[in-house]
Amino acid sequence: MHTSSPTKLLAPLLAISLLSGCASISKEECMVADWYAMGLTDGSRGKALSEFRDYQADCAKHQLSSDFGQYQEGHKKGVVQYCVYPNGVTLGRSGNSFNPLCEDAGFADFHQGYFLGQQLNQAEERLANLKRDQQQVEDKQQSLEKELADNKDRIVDDTSSKAEREELLRDNDRLRRELRRLAAELRSLQYQAQATQDEIDSRLAELQL
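Note that the coordinates shown come from a computational prediction; the quantities given were computed from them, not determined experimentally.

## With respect to the overall build of the protein chain
Okay, step 1: Assigned secondary structure in the protein chain consists of 8 helices and 0 strands.
Okay, step 2: Expressed as a percentage of the 209 residues in the protein chain, the buried residues total 33%.
Okay, step 3: Considering only contacts in the protein chain between residues 6 or more positions apart, those separated by 24 or more positions represent 70%.
Okay, step 4: Accessible surface, the protein chain as shown: approximately 12800 Å² in total, 52% of it carbon and sulfur.

## Description of helix α4 (residues 51–61)
For an α-helix the count is 3.6 residues per turn, leaving residues at separations of three or four pointing the same way.
Okay, step 1: Those residues of α4 that fall on the buried side of the exposure criterion are E51, F52, Y55, D58 and C59. One side of α4 carries all its buried residues, which in axial view fall inside an arc of 125°. Facing away from the buried side of α4, by more than 90 degrees, are the exposed residues R53 and K61.
Okay, step 2: At the C-terminal side of α4, Q63 shows a positive phi close to 55°.

## What to know about the nonpolar core
Okay, step 1: Within the largest apolar cluster, 18 residues are counted, with the highest numbers of intra-cluster contacts made by Y85, V137, L144, I200 and L207.
Okay, step 2: Mapped onto this core, the elements with two or more residues apiece are α6 (85–94), α7 (108–155) and α8 (162–207).
Okay, step 3: Aside from chain neighbours lying at most four places away, what touches Y85 is D109, F110, Q112, G113, L116, E206, L207 and L209.
Okay, step 4: Core analysis: the next-biggest nonpolar cluster, separate from the first, contains 9 residues, I25, C30, A33 and F52 among them.

## Comments concerning the pattern of salt bridges
Okay, step 1: Applying the stated criterion to the full structure yields 12 salt bridges.
Okay, step 2: Notably, a salt bridge pairs R93 with E124, separated by 2.6 Å at the nearest N-O pair. Taken together, the residues span a long stretch of sequence, with R93 in helix α6 and E124 in helix α7 at a distance of 31 residues.
Okay, step 3: Relative accessible area serves as the criterion here: at 34%, R93 is assigned to the partly exposed category.
Okay, step 4: For E199, the salt bridge is made with R126, and the minimal N-O distance between the two is 2.6 Å. Linking E199 in helix α8 with R126 in helix α7, this pair joins segments that are 73 residues apart in sequence.

## So, the packing of helix α3 (residues 35–44) against α4
How two helices pack is summed up by the angle between their axes together with the distance between the axes.
Okay, step 1: Direction vectors running N to C along α3 and α4 enclose 145°, while the axes themselves pass 11 Å from each other. Crossing of α3 against α4: the hand is right-handed. On the side of α3, the interface is formed by W35, M38 and D42, while α4 contributes E51, F52, Y55 and C59.
Okay, step 2: Per-class residue counts for the contact of α3 with α4 are 5 nonpolar, no polar and 2 charged.

## Notes on the packing of aromatic side chains
Okay, step 1: In the structure shown here, the tally under the stated rule is 8 aromatic pairs.
Okay, step 2: Pairing F52 with F68 gives two aromatic rings, centres 5.1 Å apart and planes at 65°, and the pair type is edge-to-face. With F52 in helix α4 and F68 in helix α5 (residues 68–82), this residue pair connects regions lying 16 residues apart in the sequence.
Okay, step 3: Residue F52 is classed as buried on the basis of its relative accessible area of 4%.
Okay, step 4: When the centroid spacing of 5.1 Å and the interplanar angle of 90° are considered together, the rings of F98 and Y114 count as edge-to-face. Residue F98 is found in the loop between α6 and α7, and its partner Y114 is found in helix α7; the two are separated by 16 residues along the sequence.
Okay, step 5: Counting every residue linked through ring pairs, the aromatic cluster contains W35, F52, Y55, F68 and Y71.

Conventions we followed
Here the residue index of a chain counts from 1 through its sequence in written order. Residues qualify for local features only when their pLDDT is at least 70, as the model is predicted, and side-chain atom pairs are given and counted only at 80 or more; totals for whole chains, interfaces and linings, by contrast, use all residues. Neither water nor hydrogens contribute to the side-chain values; these are computed over all heavy atoms in the structure. Each helix is a run of H or I in the DSSP string that is no shorter than four residues. Each strand is a run of E no shorter than two, and both are numbered from the N terminus. Note on classification: 1.4 Å probe, protein chains only; a residue is buried when its accessible area is under 20% of the maximum for its type, exposed when over 50%, partly exposed between these limits. Any two residues whose heavy atoms approach within 4.5 Å at even a single point are treated as in contact. All accessible areas in this document rest on Shrake-Rupley with a 1.4 Å probe, and a residue is counted as covered only by the protein chains that are shown. The arc in question is traced by the directions running from the helix axis to the C-beta atoms. The nonpolar core is taken to be a set of buried Ala, Val, Leu, Ile, Met, Phe, Trp, Tyr and Cys residues, with the residues joined through side-chain atoms within 4.5 Å. We define a salt bridge as a contact between a side-chain nitrogen of Lys or Arg and a carboxyl oxygen of Asp or Glu at a distance within 4 Å. Lines fitted to C-alpha atoms define the axes, with helix axes restricted to the stretch in contact, and inter-axis angles between N-to-C directions lie between 0 and 180 degrees. Rotating anticlockwise by less than a right angle from the far helix to the near helix defines a left-handed crossing, while the corresponding clockwise rotation defines a right-handed one. Classes in brief: Ala, Val, Leu, Ile, Met, Phe, Trp, Tyr, Cys and Pro nonpolar; Asp, Glu, Lys and Arg charged; the others, Gly included, polar. Aromatic contacts are taken between Phe, Tyr and Trp rings whose centres are within 6.5 Å, Trp giving its six-membered ring; a plane angle under 30 degrees counts as stacked, one over 60 as edge-to-face, and the others as tilted.

Structure follows, in structure tokens:
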């Protein structure tokens, strides 16, 4: 059973330490620690029970004790708060690995959320790759169009010889073929990107957050 601490007013200090992502605590924090509250906070943030070892080591440096039983009790309740559907979605969508804290069959909603978030993450990555490929094709098109324009200027230049003009004309034919190929590739990428965007919109609607 969770026992109240007479120094509970200092809990915000501990909360700030936890939210910073650092598992270490100071001597003063060890002296006033509400181990149940710390376990509850860590569990509700998806942190492993092993976080306690860092706290224990820090307090031991100052010859101060720590209460694993209270921490574990709070952590267990915190895990229940963490292993819910929205957090599963967030974790899956971020591309991070499944949190083993939620492997229990009782956390089916978290499992479902993670799976759907993972699918959304994969679709968003595909869209990002397609847009990157589109940009590369467009950059190549601009480069070839500039090369084509430069060739045209050289063709009408009085200083160009007949042989040079003939070579430039042949090069322009090559450039136009490549531009046509790139235009077709760009249309395909745009079609795929739109289809992927539609999939993302559909999955976002399905999430029901």
